[in-house]
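Examining the three-dimensional arrangement
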Amino acid sequence: MALKKDSNSLGSEWEKSQNEDSSPIDFNNLDNKKEIESQLLEVSKGDDNENGFLDFGFNQSILNSLKNKGYKNPTPIQKAAIPELMLGRDLLGQAQTGTGKTAAFALPLIEKLTDNKELNAKVLVMTPTRELATQVADSFKSYSSESSNFKTVAIYGGTDYRNQISALKRKVDVVVGTPGRIMDHIRQGTFKIKDINCLVLDEADEMLNMGFLEDIEWIIDQLPENKQMVLFSATMPSEIRNIAKKYLNDPAEILIKSVKKETQLISQKFLYVQRHHKLDALKRILELKNEGVIIFVRTKLLTTSIAEALENSGHSVAVLNGDIPQNQRENTVDRLKKGFIDILVATDVAARGLDVERIKLVVNYDFPFDKETYTHRIGRTGRAGRSGEAILFVNQREKHFLRNLENSTRTKIEEINIPSNKLINEKRMEKLIENVNESSLAKDENEENKALIIDVLDNLKEKYSMDDSNIAMSAINLVIGNKSFFVNEDDSWIHKQNNNDRNRSNRNSNNRLRNSNRRNNYQNDSFETYKFNFGKFDGVRVANIISSICNSTNINGRSIGKIQIFNDYSLVDLPRDLHTETKNKLKKIKVRN
Ligand code: AMP
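Here goes a summary of the coordinates provided. Nothing here was measured: the structure is a model prediction, and the numbers come from that model.

A word on the pairing of strand β2 (residues 91-94)
- The side-chain alternation of β2 yields two buried faces, one formed by L91 and G93 and the other by L92 and Q94.
- Both β2 and strand β7 (residues 228-233) contribute to a ladder of 4 bridges, which runs parallel. By the bridge assignment for β7, Q94 is matched with S233.

Description of the environment of I416
- Relative to the helices and strands, I416 resides in the loop between β15 (414-415) and α16 (421-438).
- When the C-alpha positions of I416 and L271 are compared, they lie 5.3 Å apart, and in sequence the two are 145 residues distant.

Considerations on the nonpolar core
- In this structure, L124, F191, L201, I549, I560 and L574 are the most contacted members of the largest nonpolar core, which totals 54 residues.
- A per-element tally of this core places helix α21 (residues 542-552) first, with 5 residues.
- Among residues more than four places away in sequence, those in contact with F191 are A121, L124, I155, L168, V175, I182, H185, I186 and I196.
- Judged by nonpolar contacts, the second largest core, of 42 residues, contains F58, F150, V176 and I254.

Focus: the sheet that holds strand β10 (residues 293-296)
- In spatial order, the strands read β11-β12-β10-β13-β14-β9-β15; together these 7 strands make up an open sheet with parallel pairing. For this open sheet the edge positions go to β11 (317-320) and β15, each flanked by a neighbour on one side alone.
- Lying over the sheet, helix α13 (residues 326-338) contacts β11 and β12 (343-346), oriented at roughly 145 degrees with respect to β11.

Digging into the pairing of strand β13 (residues 361-364)
- Side chains L361 and V363 project from β13 onto one buried face, and the interleaved V362 and N364 project onto a second face that is buried too.
- Across 4 bridges, β10 lies against β13 in parallel orientation. Along β13, the bridge assignment pairs I294 with V362.

What to know about the sheet that holds strand β16 (residues 527-532)
- In space, the 3 strands of this open sheet follow the order β16-β18-β17, with antiparallel pairing throughout. Each end of this open sheet is capped by a strand with a single partner; those strands are β16 and β17 (563-565). Across this sheet, the average inter-strand angle for adjacent strands is 25 degrees, counted without regard to direction.
- Bridging between β17 and strand β18 (residues 570-575) involves 3 bridges; their strand directions are antiparallel. Each bridged residue has a counterpart across the sheet, and for I563 the counterpart in β18 is V572.
- On the sheet, α21 packs against β16, β17 and β18 and is oriented at approximately 125 degrees with respect to β17.

Topic: helix α7 (residues 179-188)
- A large share of α7 lies buried, amounting to 8 of its 10 residues.
- Buried residues along α7 sit against β3 (123-126), β4 (152-155), α6 (161-169), β5 (174-177), α8 (204-209) and α9 (213-222).

Regarding the environment of N209
- As for its placement among the helices and strands, N209 is situated in helix α8.
- Look at N209 and you get buried, because its relative accessible area is 5%.
- N209 sits 349 residues away from R558 along the chain, and the two C-alpha atoms are 8.4 Å apart.

Re the packing of helix α4 (residues 101-112) against helix α5 (residues 130-143)
- Two numbers describe how α4 lies on α5: the axes approach to 10 Å, and their chain directions differ by 50 degrees. Considering the angle they form, α4 stands oblique to α5. In the crossing of α4 with α5, the sense of the turn from one axis to the other is right-handed. Of α5, the residues touching α4 (which contributes T102, A103, F105, A106, L107, L109 and I110) are V136, S139, F140 and Y143.
- Classifying every residue of the contact of α4 with α5 by side-chain character gives 9 nonpolar, 2 polar and no charged.

Calculation criteria
- Residues numbered from 1 in each chain as written.
- Predicted model: local features only at pLDDT ≥ 70, side-chain atom pairs only at ≥ 80, totals over all residues.
- Heavy atoms only, no water.
- Buried < 20%, exposed > 50% of the residue type's maximum accessible area, 1.4 Å probe, protein only.
- Helix = DSSP H or I, 4+ residues; strand = E, 2+ residues; numbered from the N terminus.
- Pairing = 2+ DSSP bridges.
- Core = buried A, V, L, I, M, F, W, Y, C linked by side-chain atoms within 4.5 Å.
- Contact = heavy atoms within 4.5 Å.
- Axes fitted to C-alpha atoms, helices over the stretch in contact; angles between N-to-C directions.
- Parallel < 35°, antiparallel > 145°, perpendicular 65-115°, else oblique.
- Left-handed = near helix turned anticlockwise from the far one by under 90°.
- Nonpolar A, V, L, I, M, F, W, Y, C, P; charged D, E, K, R; others polar.

Here's what the structure looks like:
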């Protein structure tokens, strides 16, 4: 049964939260606002003579290193930020990774430190994670590779202090580090900060997200008062604005509005479903949208069994798997394009590169093997600038993968419920009314049919003395057919499934800065509680624990659950089923040295 186009768009909360998250910075006292639209890093690399960096007045060593890297033209954020930073202005930038923001602050800072002979560091860059610290330090190193005696040192947790201490003892221009380790070095006196004249906060929202606000403020308070401040953040929540207001002095303000990538046109959803209810759940989803659908499953065998089941339910379905010869596959895709088939059940390999504008919904019936597979699957919809929807089926054991997927794609996947009888029946009713209305006689342009229908009506009235309403009721009855119109199978399993996992949907909050509250909201059965032998008496705080865990293991800050700190121990909820290697690392972690 065809349903009304897009009538069931399964929520637009995520789009809303995206917009809110990236709302423009609103400073009344700022007059130097720049808004720039940018595709995520859309600049050409090449080796011809053109050099868009010449106008900034960089010295030859920097120009040489840029040439070595193959950078021809500055990215939009570099164009906007470099001149401001060269003038020594404070800067507030809203930009994501991938826009070239690192070079935007690194290049002018390197330029200003050319020929610096002093021992102590002049620039401090703070990042939320050790990965970013290494990445930013590597960028500084490569942009200064042609400058003589320019030194960048990275300091972050999870590694030995000795190398860092000895590097800090020698001449250093730039220090890049994570808040916890920076604090440790400042306290121990191994990082001399008295000559710091520029502080960069990179991915500031992530730092707050990880609970580093107090640490950041402590560090800022230790640094010399007279310094240039640069703050980059992908989003601008009020906490970041407050920091900017408090510490930045008449900053130049740059907002990079990233043009949406194709995947951002796709609204991504997931639903919890136990394995034995998957087919039922699929059929229920297809009640709401069943034209231009592609369903991804893991095996060829499943493609055929699911297609058969759907066909039995009255859908027009075809299969796309590796056993089907190429020409037949092409034929299937062609039929899908033309609308002779509405639903395709496919394996990943067979659907590679499939480009059909008509696809409105991608169902990840089986969880994808990796991020790339997921991105490829959902990219089958949202083609040619159209919007699309992707639904991911998640079972109890896959919850953990879901979180990893969200982290690695840096996307929030919104939870939806399996459609209940009530919802499906409402939709069926809506559709019936719509169909009857659409085929109303007045709209029928076929004169022959019109005459025939009038003839039938006259007959019914004369022969059987039926009035208009009797005739109308009988006609509708005919359309409905013998089968029961409403779904009335037991759907209590759906409610159970949905309620079980209700806690997780607390994540719908738009607020990304949700440290402690967020930690309490996660569903308990996806966590295990670990006990650590440090607590309040050791001066430990939540941020210390998060940074130590993140820096010593591959656990992502967002996947850490509730943290409770007692006098001499702490309890931390961590994802269930951690790898043994990770558990061993956890046994050895140190907090605040
Ligand atoms: P970022 O946003 O700083 O993480 O940079 C993303 C990527 O863009 C990095 O791989 C940089 O090496 C690269 N990149 C930065 N600026 C340019 C440029 N002007 N031309 C080409 N590539 C660049």
